[in-house]
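# Geometric and topological summary
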Amino acid sequence: MLMTVLKGDLAIAQSKALIRTFRSMKDYIIENQDLLGQRQYLQLSMISTQNTKDILDLRRDLDKVENQMADVVSSLGEVVTHSELAEFMVDFGNPKIRTGYLILNGEPVEADLAYAEIYGSAHHSVYVIDNYIGLKTLVLMKNVPEGIPITLFSDNTGNRLRRTEYEDFLKEYPNVKVNLKQTNGRFHDRYIIIDYGKDSEKIFHCGASSKDAGKKVTTITEVPEKGIYQGLIEEILQEPVLELT
């Protein structure tokens, strides 16, 4: 544009040179436009082929995952949607999540460790009385020493523990023997009885169900006068088996 305004031989020469340059560029583009198109098409074709391959590989991987998930859901039945299994998976998969605390005999203790300490002290037997039970109730019992029988007394209020969960737990921990009995509404509070009838007998009064261990502040206290519970324990031992659905 400046060359068209300026006057003189030099400006005219530069204008002609610029025109020749643009004409040469146009001729080059026209002569090679088919070649440039082919290169572009080749690039697009290669990219499309790779994308198609990646999509097929991804689809195969997704099919495998879907089949695996279908097998898991099929084997668990209703456990995934009607139990606390999902919550446990989150807890176990996230190391940053810590169990809450409870008060054990006046001392703050990490909830899972408190139950581990109580169950781990058993030498002969473990009785757990709790009408509100769940999957975590069973999971905590893995801390009971091998070979020691466990009896869980419960009416399973709200049908929180399901038969599938119970059977899966026994398969996962074959060395933990848990028998289920009813309470028939005899107990409101929760108790853990260690080594009933032995010199090492201990009775713990639990403010909350073990299935809720660490969720809220609660207290577990050892009962000093064990004799007053003896008649109740003898009666509850005669209760029928608890059938899960």
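Residues numbered from 1 in each chain as written. Predicted model: local features only at pLDDT ≥ 70, side-chain atom pairs only at ≥ 80, totals over all residues. Heavy atoms only, no water.

## Quick word on empty space enclosed by the protein
- As enumerated under the stated definition, the model contains one cavity of 30 Å³ or more in all.
- In this structure, the largest cavity encloses a volume near 40 Å³.
- Along the walls of the largest cavity sit Tyr115, Val128, Ile129, Asp130, Arg190, Tyr191, Ile192, Cys206, Ala208, Ser209 and Ser210, which together make up its complete lining.
- Considering every element that reaches the lining of the largest cavity, the biggest residue donor is strand E6 (residues 190-194), with three residues.
- When grouped by side-chain class, the residues that make up the lining of the largest cavity number seven nonpolar, two polar and two charged. (1 Å grid on protein atoms, 1.4 Å probe; cavity = no way out; pocket = protein on both sides within 12 Å on 5 of 7 lines; lining within 4 Å. Points joined across faces, edges and corners; volume = space filled by probe spheres on them. Helix = DSSP H or I, 4+ residues; strand = E, 2+ residues; numbered from the N terminus. Nonpolar A, V, L, I, M, F, W, Y, C, P; charged D, E, K, R; others polar.)

## Some details on the nonpolar core
- Counting residues in hydrophobic clusters, the biggest one holds 33 residues, and the most contacted among them are Tyr119, Val126 and Val178.
- Per-element accounting of this core gives the leading share, five residues, to helix H5 (residues 111-120).
- Contacts of tyrosine 119, omitting those with residues within four sequence positions, involve Val126, Val128, Leu140, Met141, Asn143, Val144, Pro145 and Ile192.
- Tyr127, Phe187, Ile203 and Val223 belong to the second-largest nonpolar core, a separate cluster that totals twelve residues. (Core = buried A, V, L, I, M, F, W, Y, C linked by side-chain atoms within 4.5 Å. Buried < 20%, exposed > 50% of the residue type's maximum accessible area, 1.4 Å probe, protein only. Contact = heavy atoms within 4.5 Å.)

## Here we look at helix H7 (residues 163-172)
- Looking at H7, one finds that the buried residues are Glu165, Tyr166 and Phe169. Seen from one end, H7 has its buried residues packed into an arc of 100°, which puts them on one side. (Arc of directions from axis to C-beta.)

## Brief notes about the sheet that holds strand E3 (residues 126-129)
- The eight strands lie next to each other as E2-E1-E8-E7-E6-E3-E4-E5, forming an open sheet whose pairing is mixed. In the strand order of this sheet, the two ends are held by strand E2 (107-110) and strand E5 (178-181), each with one partner. Each adjacent strand pair in this sheet contributes to an overall mean axis angle of 20°, direction not counted.
- Sheet topology places strand E7 (residues 202-206) next to strand E8 (residues 219-222); three bridges connect them, and they run antiparallel. Each bridged residue has a counterpart across the sheet, and for cysteine 206 the counterpart in E8 is isoleucine 220. (Pairing = 2+ DSSP bridges. Axes fitted to C-alpha atoms, helices over the stretch in contact; angles between N-to-C directions.)

Function cannot be inferred from these measures alone, as they are strictly geometric.
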